[in-house]
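A structural walkthrough
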Amino acid sequence: LYEQKVSLTGRLFFEPTGLKAQGSAVFEQSETESKYFPFKNTEYRADTADFKLHTPDGKDVTLIADNYNSFFDLKNRRANFHTNKAESVIRFPLNNYESTIPDFVWEMDKTRLELTSAGYDELKKRLWSMPARDLILGDEKNLFQGPLFTATSQNADSLKFIGFGASFDILKSELSIRDVRYIRVADAALVLNDGLVSVGKKGVMKPFANIQLATLH
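Residues numbered from 1 in each chain as written. Predicted model: local features only at pLDDT ≥ 70, side-chain atom pairs only at ≥ 80, totals over all residues. Heavy atoms only, no water.

1. Re the pattern of salt bridges
Cut-off, in case you're wondering: A pairing counts as a salt bridge when a side-chain nitrogen of Lys or Arg comes within 4 Å of a carboxyl oxygen of Asp or Glu. By the criteria applied, helices consist of DSSP H or I runs no shorter than four residues and strands consist of E runs no shorter than two, each listed in order from the N terminus. Only protein chains enter the area calculation, which uses a 1.4 Å probe; residues under 20% of their type maximum are buried, those over 50% are exposed, and those in between are partly exposed.
The full count for this structure, using the stated rule, is twelve salt bridges. A salt bridge links Glu174 to Lys206, with the shortest nitrogen-to-oxygen separation between them at 3.9 Å. Placement of the pair is Glu174 in strand 14 (residues 174-178) and Lys206 in the loop between strand 17 (197-199) and strand 18 (211-215), with a sequence separation of 32 residues. A residue is classified by how much of its surface remains accessible, and Lys206, at 47% relative accessible area, is partly exposed. One network of salt bridges, in which partners are shared, links Glu107, Lys110, Arg112, Glu114 and Arg178.

Structure (structure tokens):
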């Protein structure tokens, strides 16, 4: 398909509205599985799809997104993804992290993903206007519901925090998370003034600078 840029394993259907398919579509280092693909001249989509992205050398899976609405624009070399349900997660196996952030874009020539979360402006403003002590008290009462980034390694003890945006470097397998107001650790919270968290392979975080510490007691 598409001058042999996309290979399909599955079934093709010729319908009055165009070419359709079900199965697995492989494009460069990506693999998308769906029960229904409509194909057009320079694009294809799937309302419900499971997506995998491999490292450029093809040795490892660097991202997994299940149950996402997917749109591939081959002319502009860009793919857009939107979650179909709130509990859908994006997994980063090499980083030992996952996220419930609802949207991401794969810009193929830039070898990166951009993760975004529309609709959370009020929560973001609220968190950034609160003093450190109120943040940990609010977290204790489970008052803040936003897109989560969660460490999946057993050694991380289910570390999780709200982040409203991120970039993922496919070549380095590095996750740069933005707009993180605080990170809860046991009975304390690290309050970040710059909102930046960098996660490398195996979940290794870069050291923080210019932070505050808030405690429950």
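2. Re the environment of Asn76
Formally: Polar contacts, as counted here, are pairs of nitrogen or oxygen atoms within 3.5 Å of one another; within protein the pair requires one atom able to donate a hydrogen and one able to accept it, and residues that are adjacent in sequence qualify only if both atoms are side-chain atoms.
The residue Asn76 is located in the loop between strand 5 (61-73) and strand 6 (78-83) in this model. Reaching out from Asn76, the side chain makes a polar contact with the side chain of Asp73 at a distance of 2.8 Å.

3. Some words on the environment of Gly119
Along the chain, the position of Gly119 falls in the loop between strand 10 (112-116) and helix 1 (121-129). Overall, Gly119 belongs to the exposed group, its relative accessible area being 76%. Taking the C-alpha atoms as reference points, Gly119 and Phe164, 45 residues apart in sequence, are found 9.9 Å from one another.

4. Considerations on the nonpolar core
We count it as follows: Here, nonpolar core means buried Ala, Val, Leu, Ile, Met, Phe, Trp, Tyr and Cys residues that are tied together by side-chain atoms lying within 4.5 Å of each other. By definition, residues are in contact when any of their heavy atoms lie within 4.5 Å.
Tyr44, Phe104 and Trp106 are the most contacted members of the largest nonpolar core, which totals 42 residues. Take this core: its biggest share by element is five residues, from strand 4 (residues 43-54). When neighbours within four sequence positions are excluded, Phe104 is seen to be in contact with Phe51, Leu63, Ala65, Tyr68, Ala79, Asn80, Phe81, Ile90, Leu113, Glu114 and Leu115. The next biggest cluster of nonpolar side chains, apart from the first, holds 14 residues, and it includes Leu127, Met130, Phe164 and Ala214.

5. Observations concerning the pairing of strand 10
Counted only if it meets this: Criterion used throughout: strands pair if DSSP finds at least two bridges between them.
Where strand 9 (residues 103-107) and strand 10 come together, five bridges link them in antiparallel fashion. Bridge pairing in strand 10 places Val105 opposite Glu114.

6. Quick notes on unusual backbone geometry
Although it is not a glycine, Glu3 adopts a positive phi angle of roughly 55°. Position of Glu3 relative to the elements: it lies in the segment before strand 1 (6-15). Unusually for a residue other than glycine, Ala186 sits at a positive phi of about 55°. Overall, the relative accessible area of 62% leaves Ala186 in the exposed class.

7. As for the environment of Ile90
One can find Ile90 in strand 7 (residues 90-92). Assessed through its relative accessible area of 0%, Ile90 is described here as buried. Taking the C-alpha atoms as reference, Ile90 lies 6.4 Å from Thr100; in sequence the two are ten residues apart. Leaving out residues up to four positions away in the same chain, Ile90 has contacts with Leu63, Ile64, Ala65, Tyr68, Tyr97, Glu98, Ser99, Ile101, Phe104 and Leu115.

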